[in-house]
Amino acid sequence: MLWLILLLTGGAWAYTVSNEALVSSGGIASSAAYSTLVTLSDGMAGIISATSAPTSDTTAPTIASILFDGRTIINNDLVKSNVAITATVSDAASSIDTSNSSVEVNSQYYSFASLTGQSSFLNGNLRYKPGFQDGTYTFRIHARDTAGNYSSSEAFTFKVEGGEVKVSSAVLNYPNPFNPASGQTTEINYMLNNDADVNLYIYNLIGQCIKKISCAAGAEGGRAGYNRVTWNGESDFGFVVANDIYIARVTSGGKQIGKCKIAVLK
Amino acid sequence: MFIIGIWSLGFGISHGAALDISRVGMGARSLALGRAQVAGLDLASVFVNPANAAGLDRFAMTSMYVNLNEDVGYGMVGLGFPVLEGNLGSVGVSFINASTGNIYTTDRDANGRTIVISNFEYSSKLGQISYGKEISRNISMGCALKLYSRSFDTIGGGQANGVDLDVGMLFFPRENLILGLTAQNLLPVEMANLNWATGAKEDIPINLRGGINLSPRKDIRILADYDSLGNMHTGVEWEVKQFLDLRAGAEIVPIGKASQVTNLSAGLGLKYRGFFFDYAYYYDTLVSDASSHFFSLSFLLPYREIEVPPIIMAKPEVIKTATPEVTATPTVEVQKKAMATKPVKKPAVKKAAKKPPAKKRSVAVKKKKLIWNWLKRR
């Protein structure tokens, strides 16, 4: 692996270019593709893998996915302030016109060109990591190719809530009731505002803890956004629990930040 | 030592089996004492170890309420009374209801997220009839029949009923020491326990509990229990004033095969005539938000004061007779009648006998040696 590191001192830009990046398919003028990391002084960053521009076409660019820290989110989800947003954008024949393609955040537009330092590319992953303040954001991506075809992603909103770790909205489990005797498990879901070490304690009806599930910060169960923690109905004593109501307590730093009632019925 | 010996017989931990909700503890006094109660000698302890009923010599009532862990409403009411002034032992009856609501049935939406469909309630009930009797000067024994009921409200198949049996004993080796032992939920699953409408049968595990109640001083009481589920309970009670008790306790609770947690508790008891108010705060060290406040209100019928016949009887009445009074000359017949008539007594003139003041004696003052400490104290 050979890395070429370029440091651009004009303004506050710095980026790296890798020759290991993607090779696009479909008759491209150049077989080389590049992955570029662009870091702005205000914390914005982008990665792009690009190829040279092909001939003109009539097909609009495709925005295949938009991932937040590698995961899909839906409207009104929580994300952490320094979330990395990665969009996969491609065009079948032409290259993406980065000057006229942009990331839109609360009606503010950031051109692909300014984020990547590239004038064009055929397909690639755009990485955007601006460092959000607390608030609600509307986000979408607009892509235009050099042939003038245009497409936009669906606009959606997400929220950033800094400060102490907390659970937003209700903690729920599915299915409820569930039957562990038949091999069924239940998934405990909750939304965190930040990455954090989280412990789930499952209590029986008379207030005794019968199960502890630990989730590391950043891992499933302990990361900002929607979490899914699975419980198979076994206690830490090694038995499948009896029919009853159990209370799952979501805790972080020794404090309870959410709870839900799980019904076991065999 | 005999308690430890019995534990080694193989009553293992059965945390996979159904729950006996009375394990929450009966009465705020017990909760403040770290749930140590087997030799508790109060009415609430009757429903943990039925042998505690043996010393009950008058009507008593107790209750407890707690919003357990801020999730489960848990209420208990119990009463007890002697049968034939205790000659046939004493009986206790209790009812417990633990219920919780806002339990959500859920589904997935188009995004794969869990959503609420509806909600339901759940309740777990326990009715108990306890009986205890002294079988010798320093041993009491008792038994209890327990009726369990569970309901998942609207969820099909989520109803269950069951029955089980407790036995217990108290041993008074010294005036200031009581040993207790109880075996809870003795019936095997084949005989009853919990039968669910789904067809499932669940066992409520046997729990063997032993405990001591030691009074190193007249105003200090130390209680400790250990059970075959691995729980250890201990507490100390100090009678600061005649109307005030202070209590503190701790319990060690297993939370897995190789781990345990120590939870702390504290509380107080206030007494006024036959009424008692007890409070306990139970601190959950794992999740402090799961800590709970327990409240109890109890009533103990005061000793019934009755008037008994005086021991020294009054002197016999002094009766003075009087001659018949004839006011007119009677006819012969009337005269005959009058002659035949016995002399008419004048109304008896009683000399006020000097009765000794009626003595008030308590019917409860009996030869009972094993009377509850609780009753003595209160």
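The structure displayed is predicted, hence computed values, not measured ones.

Side note on the overall build of chain B
The helix and strand inventory of chain B stands at 4 helices and 18 strands. The burial tally for chain B puts 47% of its 378 residues in the buried class. In chain B, the proportion of contacts linking residues at least 24 apart, taken out of those at least 6 apart, comes to 56%. In the form shown here, chain B has an accessible surface area of approximately 19,000 Å², with 63% of it arising from carbon and sulfur atoms.

Description of the overall build of chain A
Scanning chain A for helices and strands turns up 1 helix and 22 strands. In chain A, buried positions account for 52% of the 266 residues. Counted over contacts in chain A with a minimum sequence separation of 6, partners at least 24 positions apart contribute 60%. Accessible surface, chain A as shown: approximately 10,800 Å² in total, 50% of it carbon and sulfur.

Some words on the confidence of the model for chain B
Residues and elements named next belong to chain B. Mean pLDDT over chain B stands at 82; residues scoring 70 or higher make up 75%. Here residues 322-353 scores under 50 on pLDDT; set against residues more than four positions off or in separate chains, the count is 11 contacts. Segment residues 358-371: pLDDT under 50, and 40 contacts once partners within four positions in sequence are set aside and those in other chains are kept. Listed scores for the predicted complex are pTM 0.78 and ipTM 0.79.

What about the confidence of the model for chain A?
Low-pLDDT stretches of the model should not have their predicted coordinates read in fine detail. All names here are of chain A. Counting all residues, the mean pLDDT for chain A is 79, and 79% of those residues have values of 70 or more. The secondary structure element of chain A with the lowest average pLDDT is strand β2 (residues 14-18), at 28, and the one with the highest is strand β17 (residues 186-192), at 97. Confidence drops under a pLDDT of 50 for residues 1-54, and excluding neighbours within four residues, the segment shows 132 contacts in the predicted structure.

Digging into a nonpolar patch on the surface
Residues and elements named next belong to chain B. A grouping of Met61, Val77, Leu79, Phe81, Val93, Phe95, Ile129, Leu145 and Leu147 is seen on the molecular surface, where their side chains present a nonpolar patch of about 700 Å² in accessible area. Secondary-structure elements contributing two or more residues to the nonpolar patch are β2 (72-82), β3 (90-108) and β5 (139-151). In terms of residue count, β2 provides more of the nonpolar patch than any other element does, 3 residues in total. Here Leu147 falls in the partly exposed class, since its relative accessible area comes to 47%.

Description of the interface of chain B and chain A
When the parts come together, some accessible area is lost, and that loss is often what is quoted as the size of the interface. Listed as interface residues are 56 residues of chain B and, on the opposing side, 46 residues of chain A. Approximately 4,100 Å² of surface area, both sides summed, lies buried where chain B meets chain A, with 58% of it carried by carbon and sulfur atoms. Our count for the contact surface shared by chain B and chain A stands at 6 salt bridges. Between Arg113(B) and Asp77(A) there is a salt bridge; the shortest N-O distance is 2.6 Å. Joining chain B to chain A, the criterion identifies 19 residue pairs in polar contact (both at pLDDT 80 or more). Contributing elements (two or more residues each) for the side of chain B that touches chain A: β3, β4 (114-136) and β13 (244-254) of chain B.

Considering the side chain of Arg209(B)
Residue and element names in this part refer to chain B. When you line up the elements, Arg209 lands in strand β10 (residues 207-217). A distance of 3.3 Å separates a polar atom in the side chain of Arg209 from the backbone oxygen of Arg35. Polar side-chain contacts of Arg209 include one of 3.2 Å to the side chain of Asp225.

Quick notes on the state of the cysteines
Residues and elements named next belong to chain A. Tallying each qualifying case throughout the model produces 0 disulfides over all chains. There is no disulfide at Cys209, and the cysteine sulfur nearest it, in Cys215, is 14 Å away. Judged by its relative accessible area of 5%, Cys209 falls in the buried class.

Some points on the nonpolar core
Ranked by internal contacts, the top residues of the largest apolar core, which has 79 residues, are Ile188(A), Tyr190(A), Leu200(A), Trp231(A), Tyr74(B), Phe152(B) and Phe294(B). Beyond its immediate chain neighbours, meaning those up to four positions away, Phe294(B) contacts Val24(B), Ala28(B), Leu31(B), Met64(B), Tyr65(B), Val66(B), Leu68(B), Asp278(B), Tyr279(B), Ala280(B) and Tyr282(B). Counting residues in hydrophobic clusters, the runner-up holds 24 residues, among them Ala87(A), Val89(A), Leu126(A) and Val160(A).

Quick word on the sheet that holds strand β18 (residues 198-203) of chain A
All names here are of chain A. With antiparallel pairing, 4 strands are arranged side by side in an open sheet as β19-β18-β21-β22. Strands with a single pairing partner mark the edges of an open sheet, and in this sheet they are β19 (209-215) and β22 (255-264). Along the sheet, successive strands turn relative to each other by an average axial angle of 20°, direction set aside. Relative to β19, β18 runs antiparallel, the two sharing 6 bridges. Across the sheet, residue Tyr203 finds its bridge partner in β19, namely Cys209.

Overview of the sheet that holds strand β12 (residues 123-128) of chain A
Residues and elements named next belong to chain A. Strand order across the open sheet formed by 3 strands is β5-β7-β12, with antiparallel pairing between neighbours. What marks the edges here is a single partner per strand, and that holds for β5 (62-68) and β12. For this sheet the average axis-to-axis angle between neighbouring strands, irrespective of direction, equals 15°.

Thoughts on the pattern of salt bridges
Residue and element names in this part refer to chain B. Tallied over the entire structure, the rule returns 28 salt bridges over all chains. Note that Lys146 is salt-bridged to Asp20, the shortest N-O span being 2.7 Å. With Lys146 in strand β5 and Asp20 in the loop between α1 (2-7) and α2 (28-32), this residue pair connects regions lying 126 residues apart in the sequence. What makes Lys146 buried here is its relative accessible area of 0%. In this structure Asp20 comes out as buried when scored by relative accessible area, which is 3%. Among the salt bridges present, the one from Arg209 reaches Asp225, with a minimum N-O distance of 3.2 Å. Residue Arg209 is located in strand β10, and its partner Asp225 is located in strand β11 (residues 220-227); the two are separated by 16 residues in the primary sequence. Residues Arg209 and Asp225 agree in their burial class; the two are buried. Each of the salt bridges in this network shares a partner with another, and the network as a whole consists of Arg29, Asp42, Arg221, Glu237, Glu239, Asp245, Arg247, Lys271 and Asp278.

With respect to the pairing of β17(A)
Residues and elements named next belong to chain A. Here β17 lies mainly inside the structure; 7 of its 7 residues are buried. On β17, burial covers both faces: Thr186, Ile188, Tyr190 and Leu192 on one face and Glu187, Asn189 and Met191 on the other are all buried. One ladder, built from 5 bridges, connects strand β16 (residues 167-174) with β17; its direction is antiparallel. For Ser168, the partnering residue across the bridge sits in β17 and is Met191. Of the pairings in the sheet, the one linking β17 to strand β20 (residues 225-231) comprises 7 bridges and is antiparallel in character.

The rules behind each value
Residues numbered from 1 in each chain as written. Chains lettered and ligands numbered in written order. Predicted model: local features only at pLDDT ≥ 70, side-chain atom pairs only at ≥ 80, totals over all residues. Heavy atoms only, no water. Helix = DSSP H or I, 4+ residues; strand = E, 2+ residues; numbered from the N terminus. Buried < 20%, exposed > 50% of the residue type's maximum accessible area, 1.4 Å probe, protein only. Contact = heavy atoms within 4.5 Å. Areas by Shrake-Rupley, 256 points an atom, 1.4 Å probe, with all protein chains shown as cover. pLDDT = per-residue confidence, 0-100. Patch = residues over 30% accessible without salt bridge, like charges linked within 9 Å, V, L, I, M, F, W, Y side chains within 5 Å. Salt bridge = Lys/Arg side-chain N within 4 Å of Asp/Glu carboxyl O. Buried area = accessible area lost by both parts, 1.4 Å probe. Polar contact = N/O pair within 3.5 Å; in protein donor to acceptor, adjacent residues only side chain to side chain. Disulfide = S-S within 2.5 Å. Core = buried A, V, L, I, M, F, W, Y, C linked by side-chain atoms within 4.5 Å. Pairing = 2+ DSSP bridges. Axes fitted to C-alpha atoms, helices over the stretch in contact; angles between N-to-C directions.

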